[in-house]
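Examining the three-dimensional arrangement
Take a look at the letters that make up each chain.
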Amino acid sequence: MTIAGTANDEIEPKAQDRTTVRAVERAFELLGCFSPEQTTLTLSEAARAVDLPISTVSRLLGTLETIDFVRRLPDGRYMPGGRLLRIGVVALHGVDLYDLSALHLERLAKQTGETANLGIPVAGDQVLYLRQVLSQHSIRHGSWIGRAVPIAGTAIGAAINGRSGREGYSTTRVTIEPDVTALAAPVFGADGQIVAALSVTGPSYRMDDAVVQRAGALLVREAREMSSHLGAPRDLASTPIAAPETHRSKA
């Protein structure tokens, strides 16, 4: 009897640990449902998104609400809470690229008159827009901060994949948004690997070949300077890479 009891004592904590870990995993899955396209969620939307019973999701959201990771609005929808937002700010500012890019993006937006962007590679063959300075024109490329786009078929993806042209940047004339032209140049880290890309986006009617060429030169200059600040090898921070590619696809 004593031996059996000892065995149970050893098994039960392990089972409880697995249950606790699964609950934490489910809570993070719920938090991961928020995105720039889905800033609020109803209970039923959250349950569908994580494929769990409404009763389970209700308990999880209730717990997250008590610790300020989610906030329940008067209409019953949920949004990220203050504590989660603070973590997001810490995560952003913990990335050297984020802080370092500010001056380069501001100069690009001012000198080209178009929207300047910083993108980084993320899981799933995508690029995440991490920071952006919008054009001052009334007609401009919209804010995509926090949005991910495919690497394949996009100017920023081509730059991150090391597929820039001889002049150091890649271009798309037909983008994810209709009638938008995008060009991008890679940013290198201290180990010589591409860690990010800077891009310029604007409506195609303002981006003729002459404008693209001028913007491309400014873009490459800023990307190289940023690479240099990150400690990239001098040859990568000062020389072009390989023939300007114009992709007629996404952005």
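The rules behind the values
- Residues numbered from 1 in each chain as written.
- Predicted model: local features only at pLDDT ≥ 70, side-chain atom pairs only at ≥ 80, totals over all residues.
- Heavy atoms only, no water.
- Phe/Tyr/Trp six-rings, centres within 6.5 Å; stacked < 30°, edge-to-face > 60°.
- Lys NZ or Arg CZ within 6 Å of the ring centre and 35° of its normal.
- Helix = DSSP H or I, 4+ residues; strand = E, 2+ residues; numbered from the N terminus.
- Buried < 20%, exposed > 50% of the residue type's maximum accessible area, 1.4 Å probe, protein only.
- Pairing = 2+ DSSP bridges.
- Axes fitted to C-alpha atoms, helices over the stretch in contact; angles between N-to-C directions.
- Parallel < 35°, antiparallel > 145°, perpendicular 65-115°, else oblique.
- Left-handed = near helix turned anticlockwise from the far one by under 90°.
- Contact = heavy atoms within 4.5 Å.
- Nonpolar A, V, L, I, M, F, W, Y, C, P; charged D, E, K, R; others polar.

Now for the packing of aromatic side chains. Counting across every chain of the model gives 0 aromatic pairs. Looking at Arg131, its charged tip hangs above the ring of Tyr98, at a distance of 4.2 Å from the centre.

The subject of this paragraph is unusual backbone geometry. Phi is positive for Asp51, which is not a glycine, with a value near 55°. Looking at the element boundaries, Asp51 is found in the loop between α2 (43–50) and α3 (54–66). By relative accessible area, Asp51 is classed as exposed at 69%. Although it is not a glycine, Asp68 sits at a positive phi angle of roughly 65°. The topology assignment puts Asp68 in the loop between α3 and β1 (70–72). Taking the relative accessible area as the measure of exposure, Asp68 reaches 32% and is therefore partly exposed.

With 9 of its 9 residues buried, strand β7 (residues 180–188) lies for the most part within the structure. In β7, alternate side chains face the same way, and those of Val180, Ala182, Ala184, Pro186 and Phe188 on one face and Thr181, Leu183, Ala185 and Val187 on the other are all buried. Of the strand pairs in this sheet, strand β6 (residues 170–174) and β7 are connected by 3 bridges, and their pairing is antiparallel. In the strand pairing of β7, Thr172 is matched with Ala182.

So, on to the packing of helix α5 (residues 96–112) against helix α7 (residues 209–229). Direction vectors running N to C along α5 and α7 enclose 160°, while the axes themselves pass 10 Å from each other. By the angle between their axes, α5 is roughly antiparallel relative to α7. Of the two elements, α5 crosses α7, and the hand of that crossing is right-handed. Counting all contacts with α5, which are made through Leu97, Leu100, Ser101, His104, Arg107, Leu108, Gln111 and Thr112, the residues of α7 involved are Arg214, Ala215, Leu218, Leu219, Arg221, Glu222, Glu225, Met226 and His229. Residue classes in the contact of α5 with α7 are distributed as 7 nonpolar, 5 polar and 5 charged.

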